[in-house]
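In case you want the letters, here they are:
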Amino acid sequence: MQYRTLGRTGVQISSLALGTMNFGAFGNISEAETTPMVRRALDAGVNLIDTADAYSGGVSEELVGKALKGVDRDSVVLATKFRLPVGDISRLGETKGPDAMNRQGGSRRWIVKAVEDSLRRLGTGHIDLYQMHRPDPATDIEESLAALTDLQRAGKILYIGSSTFSAAEMVEAQWTSERRSLARFVTEQPPYSILVRGAEVDVLPTAQKYGMGVLTWSPLASGFLSGKYRPGAEARESHRDRLAAGRPMPPANAYDALKREAAEKLYTLAEEYGMSLIEMSLAFAAGHPGVTSVIIGPRTLEHLETQLPVGDRALPGELLDRIDEIVAPGTTVKPGDAHAVVPALEKANRRR
């Protein structure tokens, strides 16, 4: 396993991180399965575990906390996120009740409660990396950063980061932190894979410019790069797709056909170089100079075992060139996979 410096923090993290979105109802897996997965990842040298309060309505955090009981806390870099609704998992995080609209977002009111809830579920005294799961157009970024700064000074969180922010939103946050003397986001967590390369255009260069660590998610493009959607298989909407409901989406079938076509070419290419499509896809994401760690999200111990060996693999230049011929740099085959919500493109803001 390789280790890299997380931005300019000085913290060393593994090139692969264990993502826990599948822990609980999202992946239909229980404590009996998640604890062995966490322990196996730690034994393999993975030292960053990433979760979120919205995953399975908080159950993912609880399962992570249980899995880490008896583990040296200082040996683990524990990351979680806030911003999305935390509620009835049968409705994919939809909150209920008279105060539902305030039990989410980037307000000080919600952040102060959310961090306490996460600390309790994780069973820890501090969170190493606390990330804003998505931008919140309804809240001034200064409000969010000020609340996070106070929590950092109180020792409840050590570092703060963003997730799925546009380059413009990243710059605005950095500018606000500098001008207002507030804690700054030291990491960004964008989607990034061979089929979703939009981050190469501006997000990754912006992170590099500001010395931010980058933790990429969905390196297997919601399963399209795992081999499960090969010819004859029916593409199914992932949990992550459903969670992101509400963003502008193009017709699914046409884009999914393009993704399948590209994935099949990549499958053949990987075989030619003596590796699986999973290995090639993970090594591709981890190999970008702007990427610090790739978050893997296995649903079973078997899935985890197929991904762990990639922690120290590098792809040759000629293979990267051939990948570029299949999916050009900066290209996202299905635009909606960028998972970015652009307020200016929402109906209310289009002048029509």
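Further up the page is the structure itself.
Residues numbered from 1 in each chain as written. Predicted model: local features only at pLDDT ≥ 70, side-chain atom pairs only at ≥ 80, totals over all residues. Heavy atoms only, no water.

Our next topic: unusual backbone geometry. Excluding glycine, a negative phi dihedral is what most residues carry, and trans is how most peptide bonds are arranged. Not every positive phi belongs to a glycine, and Asn 28 is a case in point at roughly 55 degrees. One can find Asn 28 in the loop between strand S3 (16-19) and helix H1 (31-43). Judged by its relative accessible area of 67%, Asn 28 is exposed. Non-glycine residue Ala 221 carries a positive phi angle of around 50 degrees. Examined against the element boundaries, Ala 221 turns out to sit in the loop between strand S9 (213-216) and helix H7 (239-243). When its relative accessible area of 4% is taken as the criterion, Ala 221 is described as buried. (Helix = DSSP H or I, 4+ residues; strand = E, 2+ residues; numbered from the N terminus. Buried < 20%, exposed > 50% of the residue type's maximum accessible area, 1.4 Å probe, protein only.)

Attention now goes to helix H9 (residues 277-287). In an α-helix, one turn spans 3.6 residues, which is why side chains three or four residues apart end up on the same side. Counted residue by residue, H9 has 10 buried out of 11 residues, so it is predominantly covered. Listed as buried for H9 are Leu 277, Ile 278, Glu 279, Met 280, Ser 281, Leu 282, Ala 283, Phe 284, Ala 285 and Ala 286.

Right, let's get into the environment of Lys 113. Position of Lys 113 relative to the elements: it lies in helix H3 (residues 108-122). Overall, the relative accessible area of 42% leaves Lys 113 in the partly exposed class. Sequence-wise, Lys 113 and Arg 103 are 10 residues apart; in three dimensions their C-alpha atoms are separated by 8.8 Å.

Spatially, S3-S4-S5-S6-S7-S8-S9-S10 is the arrangement adopted by the eight strands of the closed barrel, whose pairing is parallel. Each neighbouring strand pair of the sheet contributes to a mean axis angle of 30 degrees, computed without reference to strand direction. Bridge analysis of S3 against strand S10 (residues 293-296) gives three bridges, and the strand direction is parallel. Note on S10: the bridge partner recorded for Leu 18 is Ile 296. (Pairing = 2+ DSSP bridges. Axes fitted to C-alpha atoms, helices over the stretch in contact; angles between N-to-C directions.)

Purely spatial values, then, with no claim about function.
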